[in-house]
Amino acid sequence: MKQNISILIGGVQGEGVVSTGLNLMKTLSSLGYFTYANRNFSSRIKGGNTTLNMNVGVNKAYAVSDKVDIVLAMDEATIEGCTKHLHNEGVLLYDSALKANTEAINSIKAFAIPITTIAKELGAPSMKSTSAIVFLGRLLNMPEEIFIESINLRYKKKGPEVINKNLQILSRIYQQDTISFKGVNLQLAPPREQTSRAVLMGNDAIAIGALVGGCRFVASYPITPASEIMEYLGNQLPNYGGIMLQAEDEIAAVNAIIGASYGGVRSLTATSGPGISLMLEGIGLAGMAEIPIVIVDAQRAGPSTGLPTKHEQSDLFTMYYGGHGEYPSIILTPSTIEECFYETIRALNLADIYQCPVILLSDLTLSLSPQTIEGLDFTKIDIDRGKLLLAVPEEQGKDSFERYSITEDGISQRVIPGAKGGIHHVTGLEHNQVGGPIDSPKNRKSMMEKRMRKTLSLSKGKELIIEAAPNSNNRTLFLTFGSTYGVLKEASKACNATIDIGKIKMLKPLPCKELEAAFNQYESIVIVENNYYGQLSKIIKSELGYHNKIRSVVKYDGNPYSIDELMEEIGGSN
Amino acid sequence: MATMKDYSNNISPNWCPGCGHFSILRAIQIAAAQLDIPKESLVVATGIGCSGRLSGYMDTYGFHGIHGRSLPVAQGIKLANKDLTVIAAGGDGDGFAIGLSHTHHAIRRNVDITYIVLNNQVYGLTKGHTSPLSHKSFKTKSTPYGSVEAPILPAMIALANGAGFLAQAFSAYQEQLVDIIVKAIQHKGFSLVNVYSPCVTYNKINTYQWFRDKLVDLDQANDYDNKDFQRAMNKLIETDCLCTGIIYEKKEASYLDLLQAKDSSPLSKLALDFSIEEFNKLIEDFK
């Protein structure tokens, strides 16, 4: 029995590859298995080949291997390309309605399965997805019953007729189909515990985090790979009295959340690189006027339109240094789905506490890769609105309200329109303590310092997580962030966890002391990231030094690292 | 009863003597007093340029944002707290050059705010550059040989785009201006007030006298019906858009009317606590 099995589902884009994969992942996750999947897709609605590369196992996986055990082909292109995905013992299942190029498959174990035929026979070609999943279940020697509950749950909204048809497909494939998967020995070990877990993508986790974190206003402009966040919140916010506004562009989106946040509601926008470029002036306004906002940047390959459906981690410079002038901002870099959830809540809190823009930096792979998650801890949800005054004490409200009073920690009391005695002016111009424009050098200096002081105390916490090998005497630390952490972790597992890996959770302010303490323990630090410049490595070098210790490992071809690629890097360095 | 002084913070505007904007600032203050709006419930959001400074002269909540973006900010404020009266104000560059797209979308989104354009057909604060509302052949530092671009006709495009409340006014006709601003604020939905506000320093063509000679006052026309879309369009064509008064008004549900129940809480006052049952239900959806 196997601890984990990898499956690649390929088909024509827009014809249910992702939903087939997700249905299978949800079914298996409801039994206690862990799943993880990567999507490979192109910028078109229908047509073209798309694949979902999935790992199913007894233990949690953070990335997926390049070579899979099973290819399920729902189009001819997947059959053609299957040998490049399959390892030596791999199995190809393909829809018998397809023309199979015998040359492509004669060297491997291949089975034609009547996915389309059965779906058509029993009612609707749209049920191909169920048909395909059930065949996979049979191939893996899974009991028929596991699919019954899953079908009931999946098609509840569509009514008993649809449920029945899908159940008929199930029984037809298990009871009547004569195909035998001779010579295939693919059976998963039983799950460690029988518990039902959810399957989420990073964007789902961010959206749920926003909702439970008290965000009630979202303004966004659709963009890959961030749209799911506005879609989910557009659906859920009305149930909680909130609003999702589809803005006319990202400039409107960021300015609308600035207005809404100033108006007193926790607000967020989600976008990707091109949207970030448009938002920068607004982000600077939030920095200058000290308005709490959260911007999710699900990075994709740039510059310009770049590779809109491909992965990259190349917005670090823009977010770290970007916007004209200087202002404090916070950048969080979650690297797992669970962190996407917790860090979104944290981002909303940090924005309120430090009264500045907070950027939640995700990437395409993290945002769009579905996986089975550990339970999210409800007790960790905490809402802290910082120095927000709901009403102004009478004696304080007699004169103009000092919205920008100079304080020791740089953070001033904030009041929202509607509050008596709180009237003040807000401006993107340099201003005095009541928000009036003023250009005196003395005021400028003290206001700059006040704003910059706000986030100085921030990088105290555990922003650098190091996972050292047991009894490690390793001289090298492999450091990364975002979804690359998952690949690094899997690569580390593949070398029997003999290496030391680390991830950084907060990029700005950079946790210099933590990094320094860690770097002193190693002879070399290898920083792994998906961009050309080695942006994380350059930022760390400029803030900390250690130029002779840091080696940068980069990839910028539009794809995340594969486990094998990172294993090669590790081998070369240890 | 409030008076206009209640809405003034006694900061002297830095506008040139004779600038049309003084009258608009005063008119907003008088209108607020007439409507007796509690000053802490009034928010004025402005853009950049001479006009942008207006929010800084109001003793109300004021938001002076970035160039061309007063409308997204103002809409965000209103959606955060529908109990507030929200006025956006800006110049012709703000509303019809850099921010033109927001103007169009604010019209069709129909959030209940009032947008007052301080229109002087020139860029004043940059020291005299052409505006997309400047007439052809208009000479400025950026058009030394005269502008060759056709001007935008704000009223015409607003009406064509479905504006629910469209009015034009003139700084020198203050009584009408006040009356229009009062009605614009009362209008349930997005209201656009385009005010001709002469720049005495950089626009030597569109002067007070020029407007006095050209402007047609619709309030004086006995047969004008501002509920009639066709007639409104005809009037704009007839007068080359040089008319004052409420040009068109229609009643329709605002953005929030369509999204929320009347008695729903403003977003800023929502309780944010979440029960574990609700939370678990959200997660169940992903199983």
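Residues numbered from 1 in each chain as written. Chains lettered and ligands numbered in written order. Predicted model: local features only at pLDDT ≥ 70, side-chain atom pairs only at ≥ 80, totals over all residues.

S.K.: What exactly am I supposed to notice about the overall build of chain A here?
M.R.: For chain A, the count of helices and strands is 19 helices and 23 strands. Here the C-alpha radius of gyration of chain A, 26 Å, is about what a compact globule of 574 residues would show, namely 25 Å. Taken over the C-alpha atoms alone, chain A extends approximately 85 × 60 × 40 Å along its principal axes. For chain A, the residues scored as buried account for 53% of the 574 residues in total. Residue pairs in contact within chain A that sit at least 24 positions apart in sequence constitute 73% of those at least 6 positions apart. (Helix = DSSP H or I, 4+ residues; strand = E, 2+ residues; numbered from the N terminus. Rg over C-alpha atoms; globule rule 2.2 N^0.38 Å. Buried ≥ 20, exposed ≤ 12 C-beta atoms within 10 Å, placed from the backbone. Contact = placed C-beta atoms within 7 Å.)

S.K.: Just to check I follow, could you spell out the nonpolar core for this structure?
M.R.: Generally speaking, nonpolar side chains in soluble globular proteins are found buried as a group. Core analysis: the largest hydrophobic core is formed by 234 residues, its most contacted members being F217 of chain A together with I181 and V193 of chain B. Examining the composition of this core, we find that eleven residues originate from one element, helix 13 (residues 337-354) of chain A, more than from any other. Excluding its chain neighbours within four sequence positions, the residues that come into contact with F217 of chain A are G242, I243, I257, A260, V265 and S267 of chain A together with L79, A80 and L267 of chain B. In this structure, C50, V122, Y123 and Y202 of chain B belong to the second largest nonpolar core, which totals seven residues. (Core = buried A, V, L, I, M, F, W, Y, C linked by C-beta atoms within 7 Å.)

S.K.: How should I be thinking about helix 6 (residues 145-154) of chain A in this particular structure?
M.R.: Within an α-helix, residues lying three or four positions from one another point in the same direction, as the helix has 3.6 residues per turn. Taken as a whole, helix 6 of chain A has its buried residues at F147, S150, I151 and R154 of chain A. Taken around the axis of helix 6 of chain A, the buried residues stretch over an arc of 100 degrees, which confines them to a single face. (Arc of directions from axis to C-beta.)

S.K.: How should I be thinking about the environment of I331 of chain A in this particular structure?
M.R.: Residue and element names in this part refer to chain A. Structurally, I331 can be placed in strand 12 (residues 330-332). Since 21 C-beta atoms lie within 10 Å of it, I331 is described here as buried. Taking the C-alpha atoms as reference, I331 lies 50 Å from N101; in sequence the two are 230 residues apart. Look past the residues within four positions of I331 in its chain and what remains in contact with it is M319, Y320, I359, L361, M506, L507 and K508.

S.K.: Looking at this model, I keep getting lost on the domain arrangement of chain A. Mind explaining?
M.R.: Interfaces are frequently sized by the accessible area removed from exposure as the parts join. All names here are of chain A. Domain parsing of chain A yields domain 1 (4-196), domain 2 (200-380), domain 3 (387-458) and domain 4 (464-573). Computed over C-alpha atoms, the centres of domain 2 and domain 4 are 25 Å apart. Counting only elements with at least two residues in the side of domain 2 that touches domain 4, the list comes to helix 12 (316-321), strand 12, strand 13 (357-363) and helix 14 (364-368). Its residues assigned to classes, the side of domain 2 that touches domain 4 comprises ten nonpolar, nine polar and three charged. (Domains from an automatic or database assignment. Nonpolar A, V, L, I, M, F, W, Y, C, P; charged D, E, K, R; others polar.)

S.K.: Is there a simple way to think about unusual backbone geometry in this case?
M.R.: With an omega dihedral of -5 degrees, the bond running from G302 of chain A to P303 of chain A counts as a cis peptide bond. With respect to the helices and strands, the residue P303 of chain A is situated in the loop between strand 11 (293-299) and helix 12. Cis rather than trans, the peptide bond between K508 of chain A and P509 of chain A has omega equal to -5 degrees. Here C241 of chain B, not a glycine, exhibits a phi torsion of approximately 70 degrees, which is positive. By secondary structure assignment, the location of C241 of chain B is in the loop between helix 8 (229-238) and strand 10 (243-249).

S.K.: What exactly am I supposed to notice about the interface of chain A and chain B here?
M.R.: Contacts between the two partners involve 52 residues from chain A and, on the opposite side, 44 residues from chain B. When contributions to the side of chain A that touches chain B are tallied by element, the ones reaching two or more residues are strand 7 (199-200), helix 8 (202-212), strand 8 (217-220), strand 9 (243-246), helix 10 (250-262), helix 11 (273-289) and strand 17 (425-427) of chain A. Here the side of chain A that touches chain B takes nine residues from helix 10 of chain A, the largest share from any one element. Partitioned by chemical class, the residues of the side of chain A that touches chain B number 29 nonpolar, 16 polar and seven charged. Where strand 17 of chain A lies against strand 2 (residues 61-64) of chain B, three bridges are found, and the strand directions are parallel. Residue pairing in the sheet places H425 of chain A in a bridge with G62 of chain B of strand 2 of chain B. (Pairing = 2+ DSSP bridges.)

S.K.: Looking at this structure, how should I read the pairing of strand 7 (residues 165-170) of chain B?
M.R.: Moving residue by residue along a regular strand, the side chains alternate between the two faces of the sheet. Residues and elements named next belong to chain B. Burial of strand 7 is extensive: six of the six residues sit out of reach of the surface. The alternating pattern of strand 7 places F165, A167 and A169 and L166, Q168 and F170 on opposite faces, both of which are buried. One ladder, built from four bridges, connects strand 7 with strand 10; its direction is antiparallel. Each residue of the ladder has a partner; that of A167, found in strand 10, is I246. Both strand 7 and strand 8 (residues 191-196) contribute to a ladder of five bridges, which runs parallel. Note that in strand 8 the partner of A167 across the bridge is V193.

S.K.: Would you take a moment to explain the sheet that holds strand 19 (residues 476-480) of chain A for this structure?
M.R.: Within a sheet, each strand pairs with its neighbour through backbone hydrogen bonds, oriented either parallel or antiparallel. Residue and element names in this part refer to chain A. Taken in spatial order, the five strands make up an open sheet running 18-20-19-22-23, and their pairing is mixed. The strands lining the two open edges of the sheet, one partner per strand, are strand 18 (464-467) and strand 23 (550-554). Here the strands of the sheet are splayed against their neighbours by 25 degrees on average, with no regard to which way each runs. In terms of strand pairing, strand 22 (residues 524-529) meets strand 23 through five bridges, oriented parallel. By the bridge assignment, I525 is partnered in strand 23 with I550. The sheet contacts of helix 18 (residues 535-544) involve strand 22 and strand 23, and relative to strand 22 the element is tilted by about 140 degrees. (Axes fitted to C-alpha atoms, helices over the stretch in contact; angles between N-to-C directions.)

S.K.: Is there a simple way to explain the sheet that holds strand 9 of chain A in this structure?
M.R.: Residues and elements named next belong to chain A. Spatial strand order, 9-8-10-11-13-12-21: seven strands in an open sheet with mixed pairing. Looking at strand neighbours, the two that pair on one side only are strand 9 and strand 21 (506-508), the edges of this open sheet. When strand polarity is set aside, the average angle formed by the axes of neighbouring strands in this sheet is 20 degrees. With two bridges joining them, strand 8 and strand 10 (residues 267-271) adopt parallel strand pairing. Note that in strand 10 the partner of V218 across the bridge is L268. Relative to the sheet, helix 10 contacts strand 8, strand 9, strand 10 and strand 11, its axis offset from that of strand 10 by approximately 165 degrees. Across the sheet, helix 11 touches strand 10, strand 11 and strand 13, and the angle it forms with strand 11 is around 160 degrees.

S.K.: What should I look at first to understand helix 10 of chain A in this one?
M.R.: Residues and elements named next belong to chain A. With 13 residues, helix 10 extends 18 Å between its outermost C-alpha atoms, agreeing within 8% with the 18 Å of an ideal straight helix rising 1.5 Å per residue. For helix 10, a buried count of 13 out of 13 residues is recorded, marking the element as mostly surrounded by other parts of the structure. G264 lies just past helix 10 and shows a positive phi near 115 degrees. (Expected span 1.5 Å × (residues − 1).)

S.K.: Looking at this structure, how should I read the packing of helix 10 of chain A against helix 2 (residues 70-80) of chain B?
M.R.: Any two packed helices are characterised by how steeply their axes cross, that is the angle between the axes, and by the distance between the axes. For the pair helix 10 of chain A and helix 2 of chain B, the least separation of the axes is 6 Å and the interaxial angle reads 40 degrees. Between helix 10 of chain A and helix 2 of chain B, the crossing angle belongs to the class labelled oblique. When you trace helix 10 of chain A past helix 2 of chain B, the crossing you get is right-handed. Counted together, A252, N255, A256, I257, I258, G259, A260 and Y262 of chain A of helix 10 of chain A and P72, V73, A74, Q75, G76, I77, L79 and A80 of chain B of helix 2 of chain B form the full contact between these two elements. Taken together, the residues of the contact of helix 10 of chain A with helix 2 of chain B sort by class into twelve nonpolar, four polar and no charged. (Parallel < 35°, antiparallel > 145°, perpendicular 65-115°, else oblique. Left-handed = near helix turned anticlockwise from the far one by under 90°.)

S.K.: What should I look at first to understand the pairing of strand 9 of chain A in this one?
M.R.: Residue and element names in this part refer to chain A. Sheet topology note: the strand 8/strand 9 ladder contains four bridges and is parallel. Residue S220 lies in a different strand from strand 9, and its bridge partner there is Q246. As a crossover connection, the stretch from strand 8 through helix 9 (residues 227-236) into strand 9 is right-handed. (Right-handed = clockwise from strand over helix to strand, strands pointing away.)

S.K.: How should I be thinking about the confidence of the model for chain B in this particular structure?
M.R.: Do not read the fine detail of predicted coordinates wherever pLDDT is low. Taken as a whole, chain B shows an average pLDDT of 97; of its residues, 100% reach a score of 70 or greater. Overall fold confidence (pTM) sits at 0.97, and the ipTM for the predicted complex is 0.98. (pLDDT = per-residue confidence, 0-100.)

S.K.: Please explain the environment of G21 of chain A as it appears in this structure.
M.R.: Turning to its location among the elements, G21 of chain A is positioned in helix 1 (residues 17-29). G21 of chain A sits 349 residues away from P370 of chain A along the chain, and the two C-alpha atoms are 9.6 Å apart.

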